[in-house]
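Examining the three-dimensional arrangement
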Amino acid sequence: MAEATTQQRPRQRLLLPNFKSSVNLKYVKLGYHYLITNAMYLLVPILLLAISSAHQLSTLSISDLFHVLHLLRSNVLLFALTCPLMVFMLTLYFMTRPRNVYLLDFSCYKPDPPRKTSRELFMDRTIKAGIFTEENVQFQKKIIERSGLGQETYFPENLISLPPNPCMAEARKEAEKVMFGAIDGVLEKTGVRAKDIGIVVVNCSLFNPTPSLSAMIVNHYKLRGNVESFNLGGMGCSAGLISIDLARKLLQVHPNTYALVVSTENITLNWYWGNDRSMLLSNCLFRMGGAAILLSNKGSDRRRSKYQLVHTVRTHKGADDRSYGCVYQREDDKGKVGVSLSKELMAVAGEALKVNITTLGPLVLPVSEQLLFFVTLIARKVLKMKIKPYIPDFKLAFEHFCIHAGGRAVLDEIEKNLELSDWHMEPSRMTLYRFGNTSSSSLWYELAYTEAKGRIRKGDRTWQIAFGSGFKCNSVVWRALRTINPAKEKNPWTDEIDSYPVEVPKVTSLAS
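Values in this document were obtained by computation on a predicted structure and should not be read as measured data. (Residues numbered from 1 in each chain as written. Predicted model: local features only at pLDDT ≥ 70, side-chain atom pairs only at ≥ 80, totals over all residues. Heavy atoms only, no water.)

**Observations regarding the overall build of the protein**
Along its length, the protein carries 17 helices and 13 strands. Counting across all 512 residues of the protein, residues that qualify as buried make up 51%. On the protein, roughly 23700 Å² of surface is accessible, and the fraction owed to carbon and sulfur atoms is 58%. (Helix = DSSP H or I, 4+ residues; strand = E, 2+ residues; numbered from the N terminus. Buried < 20%, exposed > 50% of the residue type's maximum accessible area, 1.4 Å probe, protein only. Areas by Shrake-Rupley, 256 points an atom, 1.4 Å probe, with all protein chains shown as cover.)

Encoded structure:
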């Protein structure tokens, strides 16, 4: 999801709503509902452990055992009823508890060096297209100068060649390069054979050919005939986390299998060739990229996996017309198709984010933070006290933050509202600078950056959060199962990580 900025728009229209304003109680209730729903799976093992400890089995003598046997003989009926009941309860628990989902590894696609597109090259091709008015050329120049994008983002060959050649064949070629490059990388890292993959979930918002992208993967890797394949389209930049959530649910009902999740976006056929400014922003911000993630529900894979999936929280504001229409694919007055970003986009994103984190809070925040938040909320909502709202400190819940690199303004506002440090924001800002907005895959470039910096330690919690059309805000929480050694990692940052972070000016002037 790209940020919306236009020359005519007042600055205040761009800012996210202040999270210190009112919080809707129903979303707090929803968070606690998630917590209580899963409480049984936490309490049963604790209860069994307590019972075991209470009996102090290690201190029983022979005479004690004979005494127990005598009691059982005296209560044969009770014993006969109790044993099957205990067996039934234990069986029910082990059959209904959620299966753990592990992230074995992931891979982000890094295009070849010839695909690098500097800011100057982007403007050169924009001018030479001969389509955009002088005013809109200057508009795009202004966006690029303030975008936070660097000099080494990537475009598909067909868009930077002269003349450009956007067609179905080139779009398929781009999709194959990105998806197969990422998948080859993750299969090489994990050693998993393609035929062992039981679930495939692909998300690409704007390019949905027939056969589908998921079918393209099945065909290329000759996956087995009973593979469960899904292709998600039109779901925006947050679709990557929707794919993770879908794979998680599928892994609950398909035991002992692997799920391959592929997140990408296609630039070739979605370049806007018109002069509607609300549609030109995506030209300036979106770049080529993709990621492949391999998940498993096999207990034997825990030891070699990087992360365990802890929580997924999805927020959908599509029932509201303003939210539904703020990112909208349509034709302009000349019949050119593009994605229009409305003036309400930042406000809608802020509302969705507020709902999402309010729901997530009870699942992840320490008890002390929850108490302070809840007491303050009751005082304001129920007792009508005029006191300042308490905003929980999410830095106590997470060590690492991967915030969708949709644009500089979005990152600035989230940093301010969640009171994050430059260190926490560094993976998102450097991803935006180095790779641009790669849509749903940007979160994985950010996690790869965090790994390449050697920041991931065993037990660390990482929060991935993204926004997308509809309008949606989705969160995923991971817990590191081992310390990641960057020297043993191979990802897009490996050979250049020592050059980052870099200082990104607020404005980078280009020659007229």
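Further notes follow.
**Considering the environment of glutamate 120**
Tracing the chain through its elements places glutamate 120 in helix α5 (residues 119–128). Separated by 21 residues in sequence, glutamate 120 and lysine 141 have C-alpha atoms that sit 9.3 Å apart. If sequence neighbours within four positions are ignored, glutamate 120 has contacts with Gln151 and Leu510. (Contact = heavy atoms within 4.5 Å.)

**Some thoughts on helix α15 (residues 408–417)**
Where burial is concerned, most of α15 is hidden: eight out of the 10 residues are buried. Contacts made by the buried residues of α15 are with α6 (134–146), α13 (345–364), β11 (400–403), α16 (422–435) and β12 (461–468). Count one or two residues on from α15 and you reach glutamate 419, which has phi positive near 55°.

**Some points on the pairing of strand β7 (residues 290–296)**
Taken across its seven residues, β7 has seven buried, putting it largely inside the fold. Because side chains alternate across β7, one face comprises the buried residues Gly290, Ala292, Leu294 and Ser296, and the other comprises Ala291, Ile293 and Leu295, equally buried. Note that strand β1 (residues 102–108) and β7 share six bridges and pair antiparallel. Looking across to β7, one finds that tyrosine 102 is bridged to serine 296. Where strand β6 (residues 258–264) lies against β7, seven bridges are found, and the strand directions are antiparallel. The partner of leucine 260 across the bridge, within β7, is leucine 294. (Pairing = 2+ DSSP bridges.)

**Here we look at a nonpolar patch on the surface**
Taken together, Val382, Leu383, Met385 and Ile387 make up a surface patch of nonpolar side chains, about 360 Å² in accessible area. Looking at the secondary structure, you find methionine 385 in the loop between α14 (367–381) and β11. Methionine 385 sits in the partly exposed class, given a relative accessible area of 41%. (Patch = residues over 30% accessible without salt bridge, like charges linked within 9 Å, V, L, I, M, F, W, Y side chains within 5 Å. Salt bridge = Lys/Arg side-chain N within 4 Å of Asp/Glu carboxyl O.)

**What to know about the packing of α16 against helix α17 (residues 442–452)**
Relative orientation of the contacting elements α16 and α17 amounts to 115°, with a least axis distance of 9 Å. Helix-helix and strand crossings are classified by hand; for α16 and α17 the assignment is right-handed. Between α16 and α17, the residues in contact are Glu426, Pro427, Ser428, Met430, Thr431 and Phe435 and Ser442, Tyr445, Glu446, Tyr449 and Thr450, respectively. For the contact of α16 with α17, the per-class residue count stands at five nonpolar, four polar and two charged. (Axes fitted to C-alpha atoms, helices over the stretch in contact; angles between N-to-C directions. Left-handed = near helix turned anticlockwise from the far one by under 90°. Nonpolar A, V, L, I, M, F, W, Y, C, P; charged D, E, K, R; others polar.)

**A short note on the sheet that holds strand β5 (residues 228–232)**
Spatial ordering of the open sheet is given by β5-β4-β6-β7-β1-β8-β13-β12-β11, a layout of nine strands whose pairing is mixed. Each end of this open sheet is capped by a strand with a single partner; those strands are β5 and β11. When the angles between neighbouring strand axes are averaged without regard to direction, this sheet yields 20°. Pairing of strand β4 (residues 197–203) with β6, which is carried by six bridges, proceeds in the parallel orientation. In the strand pairing of β6, valine 201 is matched with valine 261. Sheet strands in contact with helix α9 (residues 213–221) are β4, β5 and β6, and its direction is about 140° off that of β5.

**Comments concerning the side chain of arginine 115**
Within the secondary structure layout, arginine 115 lies in the loop between β1 and β2 (116–117). One buried charge, arginine 115, has no salt-bridge partner; the nearest side chain with opposite charge is glutamate 157, at 4.3 Å. Once you skip the residues sitting within four places of it in the chain, arginine 115 turns out to touch Thr153, Tyr154, Phe155, Pro156, Glu157 and Ile160. (Lys, Arg positive; Asp, Glu negative; His and termini not counted.)

**Quick word on the environment of serine 263**
Of note, serine 263 is situated in strand β6. Judged by its relative accessible area of 0%, serine 263 falls in the buried class. With 30 residues separating them in the primary sequence, serine 263 and isoleucine 293 have C-alpha atoms 8.4 Å apart. What serine 263 contacts, discounting residues up to four positions off in sequence, is Asn203, Gly240, Gly290, Ala291, Ser440 and Ser441. A polar contact of 2.7 Å, which involves the side chain of serine 263, links it to the side chain of asparagine 203. (Polar contact = N/O pair within 3.5 Å; in protein donor to acceptor, adjacent residues only side chain to side chain.)

**Focus: the packing of α15 against α16**
Where α15 meets α16, the closest approach of the two axes is 11 Å, and the angle between their N-to-C directions is 170°. Considering the angle they form, α15 stands roughly antiparallel to α16. Packed against α15, whose contacting residues are Arg408, Leu411, Asp412 and Glu415, the element α16 presents Asp422, Met425, Ser428, Arg429 and Leu432 at the interface. Looking at side-chain class alone, the contact of α15 with α16 contains three nonpolar, one polar and five charged residues. (Parallel < 35°, antiparallel > 145°, perpendicular 65-115°, else oblique.)

**With respect to the confidence of the model for the protein**
Averaged over all residues, the pLDDT of the protein is 87; the fraction at 70 or higher stands at 83%. A low-confidence stretch, residues 3–14 (pLDDT under 50), is modelled with 30 contacts involving residues beyond four sequence positions or located in other chains. A low-confidence stretch, residues 50–55 stays under pLDDT 50, and its non-local contacts, those more than four residues away or across chains, total one contact. (pLDDT = per-residue confidence, 0-100.)

**Concerning the nonpolar core**
Among the nonpolar cores identified, the biggest contains 72 residues, and Ile217, Leu295, Trp444 and Trp493 are the most heavily contacted of them. By residue number, the principal contributor to this core is helix α8 (residues 168–190), which donates nine residues. (Core = buried A, V, L, I, M, F, W, Y, C linked by side-chain atoms within 4.5 Å.)

**Brief notes about the pairing of strand β10 (residues 337–341)**
For β10, the tally of buried residues reaches four of five residues, placing the bulk of the element in the interior. Sheet analysis places strand β9 (residues 327–331) next to β10, joined by five bridges and oriented antiparallel. Residue arginine 330 lies in a different strand from β10, and its bridge partner there is glycine 338.

**Considerations on the side chain of arginine 277**
Note that arginine 277 resides in helix α11 (residues 277–285). The buried charged residue arginine 277 lacks any salt bridge partner; its closest oppositely charged side chain belongs to glutamate 135, at an N-O distance of 6.2 Å. Within the local environment of arginine 277, its side chain forms a polar contact with the backbone oxygen of glutamate 135, the two atoms lying 3.5 Å apart.

**Examining the environment of glycine 318**
Within the secondary structure, glycine 318 is located in the loop between β8 (307–316) and α12 (321–325). Considering only alpha carbons, one finds glycine 318 and lysine 472, 154 residues apart in sequence, at a separation of 7.5 Å.

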